[in-house]
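Remarks on the overall topology
Spelled out, the chains give:
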Amino acid sequence: MTVKEEKYAIIGGGLVGSLMAIFLKRKGIDVVVFERREDLRKSDKDHGRSINLIATSRGIHALKKLSLWEEIKKITVPVFGRMIHSIEEDLTFQPYGKDKNECNYSVSRSKLNEKLISLAEKEGVKFLFNSSLTKCDFSERKYFFINAKGDEECYKLGLVFAADGAGSQCRKILMDHLRVNYAEKFEKNEFYEDIDPLESGYKEFFMPSDESGNYCLDKDSLHIWPRGSYMFMTLANLKGSFTGTLYMPHKSEGGVPNFGDINNKKEARKLFKTKFPDAERLLPHLEEEFMENPTGKLGTVKCYPWYLEDKMILLGDAAHAIVPFFGQGMNCGFEDCAVLDDLMSDNEKNWDSLFGQFIKNRKENADAIADMALENFFEMKNKVGDSSFLLKKQIENLLEKTFPSLYRSRYAIVTYGLIDYKHAFELGKIQKELIDELSEGLDSKEQLNLPRAKKLIEEKITPYTKKHHLSFDF
Ligand SMILES: Cc1cc2nc3c(=O)[nH]c(=O)nc-3n(C[C@H](O)[C@H](O)[C@H](O)COP(=O)(O)OP(=O)(O)OC[C@H]3O[C@@H](n4cnc5c(N)ncnc54)[C@H](O)[C@@H]3O)c2cc1C
C-alpha cells in the first residue's frame, strides 16, 4: 500500500475541525482535513439530523478572532428569550439578558458546518471527504482510513488535531494506546475515560412557514414546551420556518412518554396533540418525521489526558462531549480553538508543552460546563412548575437588574461573558446559597429586602470576583 504523507492533519471536518483548520491556516500551517462523511454541500444525507444550535459569546468570540462573525451572523437568527408554552397553551416570555444586546443566535448545525467548510477551503485548506479513520500506529505515525469505495488508505501524519465528535475514534485509539502504555496511571485514576450516556435522546422536526411565507411563531424566541422528563423545543430558521427538537427518554421511566413506547404514527400524533397542542397544529409531517428521523443519543464524555506528545490532541466533542441543555457544546469547542490559537501565538511550537498548557486551561473548564449542562437537565426535569424554584428565578432576575455590576446569573456568565466556565460553576454554587437565604419566607419578589440583598452579595459574591479578578462588565 502506498503511504501518503501530511505534516498536519485534522480528523473530523465538523464544526470544530473546520474552524480549527482556519485558525491553523491563518498561522501559516498547511493542514488537511479528513472527514468521514461525504461533502455536506453536495448531499442531503444530513436531512433529519440537522438540529439548530445556539451560538453565544464564546463561539462568537472565536469567530470574531478570525473576523468571520459578520459573515456567519448572516446565516443566524437572533433570539432574545425563552417562550414557555404551557399545556393549556398559555405563553410566558422570559428575556435572556439584561437588555436587547444580550441575545443568542440560532443557526442550523449543517448550514454552519457547510459555511465553515467553504470558508476553510477559501483559505486553502484541503478536505478529504469520505475518509473514515479506522486505526493508527502511533509509533510510526501511520493512520488508516476507509475511503468511499471501501478501500483502505494509509497516511503518515505528523500532528493530528482530532475533532471527530462525541463518538471519537481518535479518542478510542488514544485511550487504548495510553491504557497499554500507562496502565498504572489508569489504575490510580490519573488517566481515565468516562462515557456517561443520558437516559434521554432527541429527534428533529420541521415546522414550515405559513402560506404567506411568514413565521408561525414569534421568531425572536426559543420556544419551549417543558413537560418534566420530556420537552419540545423550536428555534427559528432564516426563511420563515422553525426546526424543532423533541427530547424524551429512550425507555419507560415511571410511565412518562418515551421513544420506546411511542412507536407508531398514531401514537406520535397523539403525544403532540395531548402534550404540545399548539405545536402539533404547526407540524404537518410529524408522523413521518417521528418514524423516519433518527433518534439521536446524548451523553457526557470526560477523559484525561487529551493528547499524546506531539502526535495527537483531542478537541471539541471528541475531548469533552456534553449534554445540550446549556447550549454550550459547540461554543465550548470553538473556545478550545481560540485558546489553542492564543497559546500558539505565545509559544514557539513545542507542541508537547503547548498541549500541556492547553489541557491545564481547558480540562477543568470543560468539566465545569459538562456538570452545569447536566444540572440544567435535571433542573428542567424536576423543577418545572415548582413555585419556589420560579420565585428564586424571579429574585435572581431582580438582583441582576438592580445590581448589574455586582451580580450576574450563572446563565449570563456562561452565555454572554468569557469568564472561565470553572468560575461560573463556583459562582453558581455561592449564588444558590445566597438566593436560598434571600428567598426564605418570601411569597413574591416584591417582598425582597434590596439593601440586605446588596449587603449579602458584597459579603458572598464580591470576594470571589475580586480574588479572581472577574468583571461582570460584558
Ligand atoms: C440536540 C443537540 C443540541 C445542541 N445544541 C447546541 C447548542 O445550542 N449550542 C451549542 O453550542 N452546542 C449545541 N450542541 C452541541 C454541538 O452540536 C456539538 O458540541 C458540536 O457539534 C461539536 O462539534 P465537533 O466538531 O466537536 O463534533 P461534530 O460536530 O460531531 O463533528 C465531528 C465530525 O467528525 C467526523 N468523524 C467522525 N468520526 C470520524 C472518523 N472516524 N474519521 C473521520 N471523520 C470522522 C463526523 O462525520 C463529523 O463531521 C447540541 C448538540 C445536540 C445533539
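Summarised in this report is the structure supplied together with it. Source: prediction; values computed, not measured. (Residues numbered from 1 in each chain as written. Predicted model: local features only at pLDDT ≥ 70, side-chain atom pairs only at ≥ 80, totals over all residues. Heavy atoms only, no water.)

Spatially, seven strands are ordered β6-β5-β13-β14-β15-β12-β16 in an open sheet, and the strand pairing comes out mixed. Only two strands of the sheet have a single neighbouring strand rather than two, namely β6 (91-95) and β16 (296-304). Strand-to-strand twist of the sheet, defined as the mean angle between neighbouring strand axes without regard to direction, takes the value 25°. Docked against the sheet, helix α5 (residues 169-181) engages β12 (192-207) and β16, running at close to 175° with respect to β12. (Pairing = 2+ DSSP bridges. Helix = DSSP H or I, 4+ residues; strand = E, 2+ residues; numbered from the N terminus. Axes fitted to C-alpha atoms, helices over the stretch in contact; angles between N-to-C directions. Contact = heavy atoms within 4.5 Å.)

So, on to the side chain of Ser409. Tracing the backbone shows Ser409 in the loop between α13 (387-402) and α14 (410-416). Residue contacts for Ser409: discarding those within four places in its chain leaves Glu396, Glu400 and Gln431.

For the rest of this paragraph, the subject is the packing of helix α12 (residues 351-383) against helix α15 (residues 421-439). Where α12 contacts α15, the axes come no closer than 7 Å and their chain directions differ by 45°. As the angle between them shows, α12 and α15 are arranged oblique. In this structure, the crossing between α12 and α15 has a hand that is left-handed. Listed contacts from α15 to Arg362, Glu364, Asn365, Ala368, Ile369, Asp371, Met372 and Glu375 of α12 are Tyr421, Lys422, Ala424 and Phe425. (Parallel < 35°, antiparallel > 145°, perpendicular 65-115°, else oblique. Left-handed = near helix turned anticlockwise from the far one by under 90°.)

Looking now at the packing of aromatic side chains. A full pass over the atoms with the stated rule returns 32 aromatic pairs. On the numbers, 6.3 Å between centres and 75° between planes, the contact of Tyr411 with Tyr416 is edge-to-face. Tyr416 matches Tyr411 in its accessibility class, with the two residues each being buried. The side chain of Arg58 reaches across the aromatic face of Tyr421, ending 4.1 Å from its centre. Across from the ring centre of Phe144, 5.1 Å away, lies the NZ or CZ of Lys135, which sits over that ring. (Phe/Tyr/Trp six-rings, centres within 6.5 Å; stacked < 30°, edge-to-face > 60°. Buried < 20%, exposed > 50% of the residue type's maximum accessible area, 1.4 Å probe, protein only. Lys NZ or Arg CZ within 6 Å of the ring centre and 35° of its normal.)

Further remarks concern the nonpolar core. Among the nonpolar cores identified, the biggest contains 134 residues, and Met20, Tyr143, Phe161, Phe334 and Leu399 are the most heavily contacted of them. With 13 residues, α12 is the largest single contributor of residues to this core. Residues contacting Leu399, with those up to four places away along its chain left out, are Pro404, Tyr407, Leu434, Ile435, Leu438, Leu448, Ala453 and Ile457. Grouped together as the second largest cluster of nonpolar side chains are 21 residues, Leu217, Trp225, Ala236 and Ile262 included. (Core = buried A, V, L, I, M, F, W, Y, C linked by side-chain atoms within 4.5 Å.)

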